[in-house]
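# Examination of the molecular architecture
Spelled out, the chains give:
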Amino acid sequence: MEKFQHLSPLEHLLLCFLSASLAMSSMTNITIDKSALLTLRAHTIEPRQILAKNWSVSSSVCDWIGVTCGSRHQRVTALNISKMNLTGTFPPQLGNLSFLLSLDMSRNNFHGEIPREIAHLRRLKVLDLGINDLNGELPPWIGSFSQLHHLHLDENSFTGLIPSSISNMSKLATL
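As a starting point, this report considers the structure included with it. Since the structure is predicted, the reported quantities are computational estimates derived from the model, not experimental observations.

Another point: the overall build of the protein. In terms of regular secondary structure, the protein is built from two helices and 10 strands. Across the protein, helices and strands are ordered from the amino to the carboxyl terminus as α-β-α-β-β-β-β-β-β-β-β-β. Counting all 175 residues of the protein, 38% fall into the buried class. Residue pairs at least 24 apart in sequence account for 51% of intrachain contacts in the protein once pairs closer than 6 positions are excluded. Only carbon and sulfur atoms are counted for the fraction: they give 56% of the accessible area of the protein, which is about 10000 Å².

Have a look at this one:
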């Protein structure tokens with residue numbers, strides 16, 4: 001606190017306001033992540049009730065099964081809910097997990113189309129949706145993941161051609 005003794009009362013007030021705003025911003029962001037994951041849970045049927053028992057509103061999202069948070073920003077950076085025998089659809093709110101680097105929802109029973117909002121996950125390096133029952137055409141925006149290294153969409157029910165935009169993924173090592 002000695003560093004701030006030279007500040008005027010107004011400067012001190014502004015510094016306090018800025019600190020509080022940054023803290024609230026951080027809480028708001030993790031709240032957005034939590035809301036997106038709770039929406040996913042609501043769109044999911046799970047016979048073993050793993051998410052229902054563990055993904056609690058009263059606990060930190062960073063302590064939930066399958067969720068990894070970054071140490072720097074305390075935001076969700078990885079979601080791995082593979083092999084949990086889950087059935088459901090992808091809610092568009094998953095696109096709000098803006099710090100997500102890895103999304104693995106493979107080996108479940110997810111169905112329907114991949115929502116367009118997933119394209120907002122610009123930091124993704126791993127996208128594994130293999131061995132589900134996803135359908136529809138692969139959307140042209142699938143090529144917007146410029147950081148993607150691994151893309152697994154095998155054993156689904158996609159139709160149509162592979163979009164040419166997939167060539168935009170210059171870092172792709174596994175397809």
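Moving on, we come to the sheet that holds strand β1 (residues 44–45). Here we have five strands laid out as an open sheet, ordered β1-β4-β6-β8-β10, and mixed in their pairing. Only two strands of the sheet have a single partner each, and these edge strands are β1 and β10 (157–159). Where strand β8 (residues 133–137) meets β10, three bridges bridge the pair, whose relative direction is parallel. From the neighbouring strand, Gly136 faces β10, where its bridge partner is Phe158.

Further remarks concern the pairing of strand β3 (residues 76–80). Burial within β3 is extensive, with four of its five residues counted as buried. Inspection of the sheet shows strand β2 (residues 67–69) paired to β3 by three bridges, in the antiparallel sense. Counterpart to Thr68 in the pairing with β3 is Ala78. In sequence, β2 turns back onto β3 through a hairpin of six residues, with Gln74 there showing a positive phi of about 55°. Pairing between β3 and strand β5 (residues 102–104): three bridges, direction parallel. Considered in β5, the bridge of Leu79 is made with Leu103.

This model, assessed by the stated rule, comprises one disulfide. Each sulfur in the disulfide pair Cys62 and Cys69 lies 2.2 Å from the other. The sign of the -95° torsion about the S-S bond sets the Cys62-Cys69 disulfide as left-handed. Residue class for Cys62 comes out partly exposed when judged on its relative accessible area of 21%. The exposure class assigned to Cys69 is buried, which follows from its relative accessible area of 17%.

Attention now goes to unusual backbone geometry. Although it is not a glycine, Asn85 sits at a positive phi angle of roughly 60°. For Asn85, the location among the structural elements is in the loop between β3 and β4 (87–88).

Moving on, we come to the packing of aromatic side chains. Scanning all chains against the criterion turns up three aromatic pairs. Over the face of the ring belonging to Phe99 we find Arg123, whose NZ or CZ atom lies 4.1 Å from the ring centre.

Thresholds, definitions, all that
- Each chain carries its own residue numbering, running from 1 in the written order of its sequence.
- Selection of residues for local features in this predicted model requires a pLDDT of at least 70, selection of side-chain atom pairs for listing and counting requires 80 or more, and totals for whole chains, interfaces and linings are taken over all residues.
- Only heavy atoms go into the side-chain values, all of them from the structure, while hydrogens and water stay out.
- Only DSSP runs of H or I reaching four residues or more are called helices, and only runs of E reaching two or more are called strands; each is numbered from the N terminus.
- Relative accessibility thresholds used throughout: buried, under 20% of the residue-type maximum; exposed, over 50%; partly exposed, between the two (1.4 Å probe, protein chains only).
- By definition, residues are in contact when any of their heavy atoms lie within 4.5 Å.
- Per-residue accessibility takes into account occlusion by the displayed protein chains alone, with areas from the Shrake-Rupley method and a 1.4 Å probe.
- Two strands pair if DSSP finds at least two bridges between them.
- Cysteine sulfur atoms that come within 2.5 Å of each other are treated as a disulfide pair.
- Working definition: a ring pair exists when centres of Phe, Tyr or Trp rings (six-membered ring for Trp) sit within 6.5 Å. Plane angles under 30 degrees give stacked, over 60 give edge-to-face, the rest tilted.
- We call a charge positioned over a ring when the NZ of a Lys or the CZ of an Arg lies within 6 Å of the ring centre and within 35 degrees of the ring normal.

Read these as geometric descriptors, not functional statements.
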